[in-house]
Amino acid sequence: LKPNHLCSSQINGQGSSESKDPGNMRSFCTSLLLLALAVSEADGFAPSFGVRVASRHASQLSMSSEEKKKVVVIGNGMVGQRFMENLLKHDKDKKCVISTFCEEPRAAYNRVKLTSFFDTKNPSDLSMTSEFDENGRTVWYDENGVELLLNDKAVSIDTEAKTVTGASGKVIDYDVAVLATGSYPFVPPIPGKQRPGVFVYRTIEDLEAMLSYAKENNVQSAAVIGGGLLGLEAAKAVKEMNIESHIIEFAPILMCRQIDEGGHNALVGTIEDMGLKVHCNARTESFVGADGTTDNESMSPVSALRFSNDWEDLPVQMIVVSCGIKPRDELAVNANIAVGERGGVTVDEQMRTSAKDVYAIGEIALYNNFIYGLIAPGYDMAGVAAKCVATDSLDIDLGLEETPAFNGADLSTKLKLLGSDVASFGENQPKPDDTDVTELVWNDPFNRVYRKLIFNKAGTKL
């Protein structure tokens, strides 16, 4: 009703509030009542009168709920969390409901900053959303209508029935499933890996277990197996525990995928200034127990590392294995979803797997026969998958001019590593048969600054 209509019906020319025509007033009141009914129904309120209207409204609500698409995210790590956030931003009309399986006792947190846990020992400082409550949850999930299944590992996916089953026995139907199970630490088959005192470096629980073991067993010295990015982060974690730290690397240099020997020398100098010990070309033969055994059965606590290259045993009371990762693709394997020869779920440019309406993102995804173990490519995959789900499954028009696609990622590395700034980008290790190569090197051993630029011989291409 327009304001001038109200005036003509209710107010006379002399400003009196009395109606000129009671019939018109009755007609106006009837119209107002009908309008109130219509507005209350449209706004989602069932009036206390008009049972037929309330009943019809309840039916519409039920149909609306049934029509929503069900999206199940298997894995609540950094990449799975980013996918959900992206999808919720696209789904402004609430066309889907999201459930996520989380094997760990707390919701998504930042694994990249895992070492900083030692600063405060407060898991909430690593949360991807907000502060954890006593049950490991954050308010973000309730605020966004996301069903969080904590402490519930997804154990099977049925791509025919389109269901996912958790270890708790809970079965959830899906219209779209997203595999974001990530990876697990690779532990070489070294005799003695079963011993107390041998850990991996992956979760907050791993760090808490290391802290507890070190305190209870008065650990003075520890070895970190692996001199790559993860290994050096683990070595920093051990140092933060005020334990003598030894870095054990099979290759001739540290971070052999990112830097060369000159970069290694500069990095090692800084690391050793911090009190850490570096052992390259190491051939670890076994983890020796306190009882002197080197087998796969003894549960005697670890007491030393033994090498096959004629080195003396290295006395340590704790070992942290950080030798790389392996994708957690067992769900896909058991569901007959295509995987790579060395693991990883095969995906296309839209992150789709061989199973209809099943996507894979992050460290589990094998794109172009390559697993991306960095967080930045994982976030890119999450962005692509969210757009594809929004447009293909939820029929949301995002105004895109072309189909979202993941076409590989920049593997540049820039980080603060044990006090050193380390950066690596481009083709930093030319192929041995590439003869059109010349190098420009700046090596300052006094300030431990090492820079190398690789050009073609004409100096026209970096």
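Our structure is the block above this text.
Residues numbered from 1 in each chain as written. Predicted model: local features only at pLDDT ≥ 70, side-chain atom pairs only at ≥ 80, totals over all residues. Heavy atoms only, no water.

K.L.:
Can you lay out the overall build of the protein for me, pointing to particular residues and giving the numbers?
P.N.:
When helices and strands are tallied, the protein shows 11 helices and 25 strands. The burial tally for the protein puts 43% of its 462 residues in the buried class. Across the protein, contacts joining residues at least 24 apart in sequence account for 60% of those joining residues at least 6 apart. Counting every atom, the protein has about 25,000 Å² of accessible surface; 49% of that belongs to carbon and sulfur. (Helix = DSSP H or I, 4+ residues; strand = E, 2+ residues; numbered from the N terminus. Buried < 20%, exposed > 50% of the residue type's maximum accessible area, 1.4 Å probe, protein only. Contact = heavy atoms within 4.5 Å. Areas by Shrake-Rupley, 256 points an atom, 1.4 Å probe, with all protein chains shown as cover.)

K.L.:
Explain the packing of aromatic side chains to me, and be specific about the residues and the numbers.
P.N.:
A complete count under the given rule lists 7 aromatic pairs for this structure. A ring pair is formed by F117 and F118, whose centres lie 6.3 Å apart and whose planes are at 65°; its orientation type is edge-to-face. Each member of the pair F117 and F118 is classed as buried. Ring centres of W140 and Y141 lie 4.9 Å apart, and the angle between their planes is 85°; on these two criteria the pair is classed as edge-to-face. Here W140 and Y141 have matching classes, each one buried. The aromatic ring of Y379 is capped on one face by R82, whose charged end is 3.7 Å from the ring centroid. When the ring centre of F250 is taken as reference, the NZ or CZ atom of R283 above it lies at 3.7 Å. (Phe/Tyr/Trp six-rings, centres within 6.5 Å; stacked < 30°, edge-to-face > 60°. Lys NZ or Arg CZ within 6 Å of the ring centre and 35° of its normal.)

K.L.:
Help me get a handle on the sheet that holds strand β21 (residues 370–371), residues and values and all.
P.N.:
Strand order in the open sheet made by the 3 strands is β18-β20-β21, with mixed pairing throughout. If you trace the sheet from one side to the other, it starts and ends with β18 (345–347) and β21, each paired once. The pairing of β18 with strand β20 (residues 365–367) spans 3 bridges and is classified as parallel. The residue of β20 that forms the bridge with V347 is Y367. (Pairing = 2+ DSSP bridges.)

K.L.:
Please set out the pairing of strand β1 (residues 69–74) residue by residue, giving values where relevant.
P.N.:
Two strands pair when backbone bridges link them, and β1 and strand β2 (residues 96–102) are joined in this way by 6 bridges, in the parallel orientation. Bridged to V73 within β2 is T100. Traced from β1 through helix α4 (residues 78–90) to β2, the parallel crossover comes out right-handed. Here 4 bridges tie β1 to strand β7 (residues 176–179), and the two strands are oriented parallel to one another. Bridge assignment links I74 to a residue of β7, and that residue is L179. (Right-handed = clockwise from strand over helix to strand, strands pointing away.)

K.L.:
Can you break down a negative patch on the surface residue by residue, with the values?
P.N.:
A grouping of D119, D125, E131, D133, E134 and E240 is seen on the molecular surface, where their side chains present a negatively charged patch. For E131, the location among the structural elements is in the loop between α5 (117–120) and α6 (139–143). (Patch = residues over 30% accessible without salt bridge, like charges linked within 9 Å, V, L, I, M, F, W, Y side chains within 5 Å. Salt bridge = Lys/Arg side-chain N within 4 Å of Asp/Glu carboxyl O. Lys, Arg positive; Asp, Glu negative; His and termini not counted. Charge placed at Lys NZ, Arg CZ, Asp CG, Glu CD.)

K.L.:
Can you explain the pattern of salt bridges? Please cite residues and give values.
P.N.:
By the definition in use, this model includes 13 salt bridges. Across the salt bridge formed by R82 and E85, the nearest N and O atoms sit 4.0 Å from each other. Pair noted here: R82 and E85 are both in helix α4, with a separation of 3 residues, about one helical turn. With relative accessibility at 28%, the residue R82 sits in the partly exposed group. A relative accessible area of 22% places E85 in the partly exposed class. For E205, the salt bridge is made with R106, and the minimal N-O distance between the two is 2.3 Å.

Take it as geometry only, folks, not as evidence of what the structure does.
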